[in-house]
Amino acid sequence: METTLVLLKPSCVQRQLIGEIVNRFERRGLRISGMKMMQLSDAILKEHYAHLVDRPFFPSLAASMQASPVVALAISGVDAVKVVRVMAGVTNGREAAPGTIRGDYSVSNQQNIVHASDSVENAAIELKRFFRPEEIFDYTSGAFNYVYGEGECK
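Residues numbered from 1 in each chain as written. Predicted model: local features only at pLDDT ≥ 70, side-chain atom pairs only at ≥ 80, totals over all residues. Heavy atoms only, no water.

### With respect to the side chain of glutamate 126
When you line up the elements, glutamate 126 lands in helix α7 (residues 120-130). Buried charge without a partner: glutamate 126 forms no salt bridge, and the closest opposite charge is arginine 129, 4.6 Å away. When residues no more than four places from it in sequence are discounted, the contact partners of glutamate 126 are Leu5, His48, His115 and Ser117. (Helix = DSSP H or I, 4+ residues; strand = E, 2+ residues; numbered from the N terminus. Buried < 20%, exposed > 50% of the residue type's maximum accessible area, 1.4 Å probe, protein only. Lys, Arg positive; Asp, Glu negative; His and termini not counted. Salt bridge = Lys/Arg side-chain N within 4 Å of Asp/Glu carboxyl O. Contact = heavy atoms within 4.5 Å.)

In structure tokens:
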């Protein structure tokens, strides 16, 4: 099982899509292992987007991410990083396939509803950035045996 980070961005929060997006992950069979609402500080944004800090659009990105609180999710499942990325769709909502979160709810490159970790390694780093260890829970859902077939979980 993997655990990945998803941020429900201010574009999701302001449009009152939190429940709908969380529901999509749960309906898929993924487990919510941690969830909290938080206001992002300048420091956490500079750390999270360190690769973009020197880009001319960073101030706009930071302002967008601080327009309201975000909801941080720790989401677990087999190949969770890949499954969540596919569900999210490509970054630019105008290019995202229908049926993906961004394809269904976004027409923007920046106001694109969710952030999703892009690798297992980055998921581990990002989860530590947004959650303390005691805020992520490991439990077995009652639906577990109906989500995965025998031998699918490592």
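### Thoughts on helix α2 (residues 18-28)
All of the buried residues in α2 are Ile21, Val22, Arg24 and Phe25. The buried residues of α2 all sit within an arc of 150° when viewed along its axis, so they share a single face. Away from its buried face by more than 90 degrees, α2 exposes Gly19 and Arg27. Two residues or fewer after α2 comes glycine 29, characterised by a positive phi angle close to 110°. (Arc of directions from axis to C-beta.)

### Focus: the pairing of strand β3 (residues 70-77)
Among the 8 residues in β3, 8 count as buried, and that is most of the element. What you see with β3 is no split at all: Val70, Ala72, Ala74 and Ser76 on one side and Val71, Leu73, Ile75 and Gly77 on the other are buried throughout. Note that strand β1 (residues 2-8) and β3 share 7 bridges and pair antiparallel. Each residue of the ladder has a partner; that of leucine 5, found in β3, is alanine 74. (Pairing = 2+ DSSP bridges.)

### Things to note about unusual backbone geometry
A positive phi is found at glutamine 16, a non-glycine position, where the angle reads about 60°. Summarising the element assignment, glutamine 16 is placed in the loop between α1 (10-14) and α2. In the Ramachandran plot, isoleucine 113 falls in the positive-phi region, its phi being about 75° despite a non-glycine side chain. Here isoleucine 113 shows up in the loop between α6 (101-105) and β4 (114-116). Residue class for isoleucine 113 comes out buried when judged on its relative accessible area of 0%.

### Considerations on the pattern of salt bridges
Overall, the coordinates contain 6 salt bridges when judged by the stated rule. The salt bridge involving glutamate 47 is made with arginine 129; its shortest N-O contact spans 3.1 Å. Here the residue glutamate 47 occupies a position in helix α3 (residues 42-48), and arginine 129 occupies one in helix α7, the gap between them amounting to 82 residues. The salt bridge involving glutamate 134 is made with arginine 132; its shortest N-O contact spans 2.9 Å. Given the relative accessible area of 46%, arginine 132 is considered partly exposed. Within the structure, one salt-bridge network assembled from shared partners comprises Lys36, Arg132, Glu134 and Glu135.

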